[in-house]
Amino acid sequence: MEQALAILDGFFFAAGIFMLLSNSLIRVLIGIAILGNAVNLLIFTAGRLVREVPPIIPRGAEIPPALIANPLPQALILTAIVISFSLFAFMLVLVFRSYQALGSDATDRIGDAEPRDGVKPPVGY
Amino acid sequence: MAGTSDSAPDLAGALVLAPPLPGDWLVIAPVAGGILTGALLLMLRRYPRLQAPIAIGFLLALVVITGALLARTMATGAPVVMTMGRWLPPYGITFAADALGAAMAFVSSIAALCVAIYAAGSMTGSERRYGFFPFLVLMMSGVCGAFLTGDLFNLYVWFEVLLIGSFGLIVLGNSRRQLDGGVRYALLNLLATTFFLIATGYLYALVGTLNMADIAVRARALDDQGPIYTITALFILAFAMKAAAFPLNFWLPASYHTPATATSAIFAGLLTKVGAYALMRVLIMLLPVQQTAFADAVIVIAMLTMITGSLGALAQSDIRRILGYLVISGIGIIIAGIGLAAHSGAVAPGDAATLRGAEPAMAGAILYSLHSMIVITGLYLLAGLIGRIGGSFEMSRLGGLYGSSPLLAGFALILVFSVSGLPPFTGFWPKLLLTRAALIDGRWWLAAIILATGLMTTIALGRAFAQIFWRNAPQMAGSTGEGDTDPTALASLDASSDTGPGADIVAVAISGTDEGTDRDSPAAIFTDKTAGPVPDLRPASLIAIAILVALTTVFGLLPMPTIAIADTATFLLLDPSVYIRAVLGGAP
């Protein structure tokens, strides 16, 4: 099962990186979102896949009776989902605002921060 | 729990039962206080007058707290440890402040305090209203959390916290250039933290723990070291991107000159150093078996970073962009120290004899990070004042400022000397350590590049100093003939001035307010500086720079305390047995 998920995760990463390489900022953002989900799936798979056995220790025992599902990757993923969701929301607004202000979302057309015909540094005093 | 059952389990095996020592609360106070103060400032956002005093008060407290933390960890020689939820490490999330983390947190809170003091005198009303101070305080809690945490996933979380705060800061002002710079900054940093998360996930899959001390134990003991090499490469990629090391440095000069000066100063002073700190922590302390294999690659990256940084600084004419490239070359110097220390090889825990080769290099890298936080922040604040008096950030448009403000020229000279590594300022000592370490290691070419970087920095900044302060002021076309000292126009220049008068700044205020309308006409204040009256420099701005200048001078003349801190930090980093014992308890 881990192998199947690992291969699926590979496709996620490939799709995310493919989108990151595109020229349009919106597509780059979608790439970031896919990449974030790829990482979540990676952590989930890395925590080993076990049937849904809750990590509950019965009364009287000190250790769980059988193999339990690992709760830690799920906690990590939950944290990562919350963070990546909020950052994605922020990025969407930021890219939309920059599209409004700069008139384009093509990465090769926007360059206000680094003008190409900027002033050359002085050569003498 | 324990009371409900007659067969109560032995809690001592899972929980820390002893209450934490009062001094241990210091390690959590910066983070908890930062988040609470940030929340308070957000609630008080309708009272712009209260923002600056509360933020400065908190940052002052932060300096005291982190200073006490540093004193405590230096006194005992061991990290101050606290475990969240009382779960015994490695299960509970640990905060562990060793000399490195505490010193970084201390110096960064000093830098943040100076930036807040500067901002109190320079921020426009709209910037206060839209949250400069809350974002600054929240970002500082992220920065301190990153320096003080002892858990790898927690480090990722603090990276994101400081990232969220910095996103808020970088777009504050909302001009075209800021939005463009903000998009670049945000995308690249988001990608870097994603890589960090990938590497963390893989490392967890291999060693089954996220506690740094536990990783340091288990990663060494692992039978099959192969996969960790890949993970190490991923960590280096992520942190190099954060720190703006050579092939991944292009986002920094594209974005750091766009926001308000106070924001640029805090970003340049602290954020790249957080990346460098994470690289030290992970590469040197956690993965010592792998570090030798990557040492050469790291050294090559460092050399290319130094060269691109200093060449880039020579090729710029906007002073803030010169400083952006200086941040990069400084990062190159830090990474050179990390690479040299990594080259000396893995150290078995407790084996002090093999430490010798790596020690000066690592101490140099740590010392340079601390020095760079202070000096780069000071230089950016200085650039802000130059922009305010001179009316431009463009070297060719500035001049004659020595006549306007000799004090500022003196500050500038000290900071220029310090960042170039000339004695007797703080920049000299780490470069001395690093050059010596490179020569001991037989890498004379690395020593040569470190020194050449210093030379090129001197040339770039010396030229800027001569142009800005000594040259006669250029006669500007379209000058109004008299100085315009309107404080709002001057202060707003800080945030959104462009390369020249009439440049196409379309300042659009957030959510359609009319704040932006007074911003798009900096042309009014381009004027003959020798004739016009000098705009008043608010004392707050000068005090902020004076603190930083005093620090770099005093600790340049009396370097022993800082070198002692760097030595202790180096020792704990290269030989993590003390750290491991402090966190996990028991015998080494």
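Because the structure is predicted, anything quoted here is derived from the model rather than measured. (Residues numbered from 1 in each chain as written. Chains lettered and ligands numbered in written order. Predicted model: local features only at pLDDT ≥ 70, side-chain atom pairs only at ≥ 80, totals over all residues.)

Here we look at the overall build of chain A
In terms of helices and strands, chain A carries three helices and zero strands. Along chain A, helices (α) and strands (β) appear in the sequence α-α-α when read from the amino end. The C-alpha atoms of chain A give 23 Å as radius of gyration, which overshoots the globular expectation for 125 residues (14 Å, by more than 25%). Its C-alpha atoms give chain A principal-axis dimensions of about 85 × 30 × 30 Å. If you take every contact in chain A between residues at least 6 apart in sequence, the share linking residues at least 24 apart comes to 51%. (Helix = DSSP H or I, 4+ residues; strand = E, 2+ residues; numbered from the N terminus. Rg over C-alpha atoms; globule rule 2.2 N^0.38 Å. Contact = placed C-beta atoms within 7 Å.)

Overview of helix H20 (residues 539-557) of chain B
Taking 1.5 Å as the rise per residue, H20(B) with 19 residues should run 27 Å; its terminal C-alpha atoms sit 26 Å apart, in good agreement. Among the residues making up H20(B), those that are buried are Ser541(B), Leu542(B), Ala544(B), Ile545(B), Leu548(B), Val549(B), Leu551(B), Thr552(B), Phe555(B) and Gly556(B). (Expected span 1.5 Å × (residues − 1). Buried ≥ 20, exposed ≤ 12 C-beta atoms within 10 Å, placed from the backbone.)

Some details on the interface of chain A and chain B
Counting from both sides, the interface comprises 36 residues of chain A and, opposite them, 43 residues of chain B. Taken together, the elements giving at least two residues each to the side of chain A that touches chain B come down to helix H2 (25-46) and helix H3 (71-102) of chain A. Looking at the side of chain A that touches chain B, the element that brings in the most residues is H3(A), giving 13 residues. Within the side of chain A that touches chain B, the residues separate by chemical class into 25 nonpolar, five polar and six charged. (Nonpolar A, V, L, I, M, F, W, Y, C, P; charged D, E, K, R; others polar.)

Digging into the nonpolar core
Membership of the largest hydrophobic core comes to 241 residues, with the highest contact counts inside it found for Ala103(B), Leu136(B) and Ile338(B). Leaving out residues up to four positions away in the same chain, Leu136(B) has contacts with Ala55(B), Ala112(B), Ala116(B), Leu169(B) and Ile266(B). (Core = buried A, V, L, I, M, F, W, Y, C linked by C-beta atoms within 7 Å.)

As for the packing of helix H3 (residues 99-122) of chain B against helix H5 (residues 132-148) of chain B
Residues and elements named next belong to chain B. Interhelical geometry of H3 versus H5 gives an angle of 170° and a closest axis separation of 9 Å. When the interaxial angle is binned, H3 and H5 end up roughly antiparallel. Taking contact as the criterion, the partners of Gly101, Met104, Ala105, Ser108, Ser109, Ala112, Ala116 and Ala119 in H3 are, on H5, Phe132, Leu136, Met140, Val143, Cys144, Phe147 and Leu148. Classifying every residue of the contact of H3 with H5 by side-chain character gives twelve nonpolar, three polar and no charged. (Axes fitted to C-alpha atoms, helices over the stretch in contact; angles between N-to-C directions. Parallel < 35°, antiparallel > 145°, perpendicular 65-115°, else oblique.)

What to know about unusual backbone geometry
Residue and element names in this part refer to chain B. Here Pro423 and Pro424 are connected by a cis peptide whose omega angle stands at 5°. For Pro424, the position within the fold is in the loop between helix H16 (406-420) and helix H17 (428-440). The backbone phi angle of Ala244 is positive, close to 65°, even though this residue is not glycine. Looking at the element boundaries, Ala244 is found in the loop between helix H9 (226-243) and helix H10 (251-255). With 30 C-beta atoms counted inside 10 Å, the residue Ala244 sits in the buried group.

Structural notes on the environment of Leu152(B)
Residues and elements named next belong to chain B. Among the structural elements, Leu152 can be located in helix H6 (residues 152-170). As for Leu152 and Leu210, which are separated by 58 residues in sequence, their C-alpha atoms are 5.3 Å apart. Not counting the four nearest positions on each side in its chain, Leu152 is found in contact with Thr200, Leu203, Leu210, Met212 and Ile215.

Details of the confidence of the model for chain A
Predicted confidence across chain A gives a mean pLDDT of 85, with 98% of residues reaching 70 or more. Averaged pLDDT values over the elements of chain A bottom out at 89 in H3(A) and peak at 93 in helix H1 (residues 2-20) of chain A. (pLDDT = per-residue confidence, 0-100.)

Structural notes on the pairing of strand E1 (residues 80-83) of chain B
All names here are of chain B. Residues Val80 and Met82 of E1 are buried on one face, and the alternating residues Val81 and Thr83, pointing to the opposite face, are buried as well. In this structure, E1 lies alongside strand E2 (residues 94-97), joined through four bridges in antiparallel fashion. Within E2, the residue paired with Val80 across the bridge is Ala97. (Pairing = 2+ DSSP bridges.)

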